[in-house]
Number of protein chains: 2
Amino acid sequence: MRLAELSTRSGVSTTTIKFYLREGLLPPGRRVTATQSDYDEGHLRRLRLVRALIQVGRIPVASARDVLAALADDRLSPNERLGTATWALPHGPAPDETDPAVEAARHTADELMDRLGWGRGSTADPLPTAPARGTLVTAIAALSRLGYPCSAEDLEPYGRAAERIAATDLDMVERYGTPDEQVEAAVALTVLYEPVVLSLRRLAEVEESHRRFVEE
Amino acid sequence: MRLAELSTRSGVSTTTIKFYLREGLLPPGRRVTATQSDYDEGHLRRLRLVRALIQVGRIPVASARDVLAALADDRLSPNERLGTATWALPHGPAPDETDPAVEAARHTADELMDRLGWGRGSTADPLPTAPARGTLVTAIAALSRLGYPCSAEDLEPYGRAAERIAATDLDMVERYGTPDEQVEAAVALTVLYEPVVLSLRRLAEVEESHRRFVEE
């Protein structure tokens, strides 16, 4: 398809597509004349992913480029590519190692992983170094510094809910046919479902608060 | 207690406390001499909340002020104060009504609420106008525009997980003794547990992806 059709089908303006091509976020099309190139379904899929990362995920262009580079590295298995791409997504603040609350928070996070049975046994286990693990430690340190509940026991139900959400996430990913599509969908859905998860939690809190404090 | 003790016990510098007092985020202490005021446990609790909103929740000072004003409005019941304060928290982007995907997204959100049995029956029901509902509609519109799954059926498991998370949230809130403390804790925990929920989801995805794609 030509640039105009790629634009119509993706809903992304030709100016923006040209910007993505120039920035290397989208691979060049197959050149057909001096001024025209041809694009395929792979371009359309990649364009949707770029759009999702930048517009919905509010991910900086440089991070999006890192994520896409990881996705494209076919020396890696699909599982490794997914891990590397997720690593490259922006994360919350890393733990401040000068903060005395951080060491205790790291122990709480370790205890929580044990309780949940996550990352057990494998020496190649990526969980201890995952950036999300750092975000979790930072959050635990903040909660404890402010005197809010955050023991491994307090956090376990959130981990159990996260397990069910992750199973749903990966069921959705497995609907995609090829490993390439699955890896792209996993990254896109990880980012795109964050506002869904957070907004549903707030709506569920309104529901539950009404049930407990008004109806009774 | 004096300012120095409030600073030690809260871990917030005296300079920052003075800024919060000046900006009206913290009520003035009881004046004891021309240069000294006395602060109580209420100040300490309020300071923790302000800190949580601004530092961990990354909420602008002006929004934090709105949240605190809602919390302080004792003409309202605790449930109403909680609702008003949560309304004042920053939310994701509101739906763009000029976007044709938004009307369909709104129907999907309605259908999802029906499936979940949320906000049923009550005419005083706040859910249809909750800002989180707008965030949900925006997210659904983006998912559908990009061709990712987002039917009410796809979203229902996320709603069920959100119900369990909200029940855990409110169990935690009910540990606090007075309605004032409960309302403050509910707002703080809503904000402070967001990074916990998101980071645990990403860690659970690594676990689940390893289980499905490596171990099998």
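An unreviewed UniProt entry annotates chain A as Transcriptional regulator of Streptomyces nodosus.

A. Quick look at the interface of chain A and chain B. Taken residue by residue, the interface counts 84 residues in chain A and 83 residues in chain B. Roughly 7800 Å² is buried in total at the junction of chain A and chain B, and carbon and sulfur atoms are behind 67% of that figure. There are 10 salt bridges connecting chain A and chain B. For Arg212(B), the salt bridge identified is with Asp171(A), shortest N-O distance 3.0 Å. Counting the contacts that link chain A with chain B gives 24 residue pairs in polar contact (both at pLDDT 80 or more). Contributing elements (two or more residues each) for the side of chain A that touches chain B: α3 (41-56), α5 (78-88), α6 (100-116), α7 (131-145), α8 (152-173) and α9 (179-213) of chain A. The leading source of residues in the side of chain A that touches chain B is α9(A), at 27 residues.

B. Representation of the packing of aromatic side chains in the model. A complete count under the given rule lists 6 aromatic pairs over all chains for this structure. Summarising the aromatic geometry, the rings of Phe19(A) and Tyr20(A) are spaced 5.9 Å apart at their centres and angled 50° between planes, so their arrangement reads as tilted. For Phe19(A), a relative accessible area of 30% puts it in the partly exposed group. Its guanidinium or amino end placed over the ring of Tyr148(B), Arg48(A) lies 5.7 Å from that ring's centre, counting from NZ or CZ.

Calculation rules
Residues numbered from 1 in each chain as written. Chains lettered and ligands numbered in written order. Predicted model: local features only at pLDDT ≥ 70, side-chain atom pairs only at ≥ 80, totals over all residues. Heavy atoms only, no water. Contact = heavy atoms within 4.5 Å. Buried area = accessible area lost by both parts, 1.4 Å probe. Salt bridge = Lys/Arg side-chain N within 4 Å of Asp/Glu carboxyl O. Polar contact = N/O pair within 3.5 Å; in protein donor to acceptor, adjacent residues only side chain to side chain. Helix = DSSP H or I, 4+ residues; strand = E, 2+ residues; numbered from the N terminus. Phe/Tyr/Trp six-rings, centres within 6.5 Å; stacked < 30°, edge-to-face > 60°. Buried < 20%, exposed > 50% of the residue type's maximum accessible area, 1.4 Å probe, protein only. Lys NZ or Arg CZ within 6 Å of the ring centre and 35° of its normal.

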